[in-house]
Amino acid sequence: MTAVITDRDFLTRRLREWTVLRTIVLGKPWAAEDLTTASD
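Enquirer: Can you help me understand the pattern of salt bridges in this one?
Expert: Side chains that carry opposite charge are capable of pairing whenever their charged atoms lie near each other. In total, this model carries two salt bridges according to the counting rule given. The salt bridge involving E17 is made with R14; its shortest N-O contact spans 2.8 Å. Residue E17 and its partner R14 are both found in helix α2 (residues 9–25); the two are separated by three residues, about one turn of the helix. Judged by its relative accessible area of 15%, E17 is buried. Judged by its relative accessible area of 30%, R14 falls in the partly exposed class. The structure contains a network of salt bridges with shared partners spanning R13, R14 and E17.

About the criteria used
Residues numbered from 1 in each chain as written. Predicted model: local features only at pLDDT ≥ 70, side-chain atom pairs only at ≥ 80, totals over all residues. Heavy atoms only, no water. Salt bridge = Lys/Arg side-chain N within 4 Å of Asp/Glu carboxyl O. Helix = DSSP H or I, 4+ residues; strand = E, 2+ residues; numbered from the N terminus. Buried < 20%, exposed > 50% of the residue type's maximum accessible area, 1.4 Å probe, protein only.

Here it is as structure tokens:
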């Protein structure tokens, strides 16, 4: 999937944000900066 969306900024950002959300829900370690730099 990375190869398909790598040139699309919106999609890569959204995938990164969903990954942060999933990480939080699963109770895995995450950085506050990941959350504070996410879009609204």
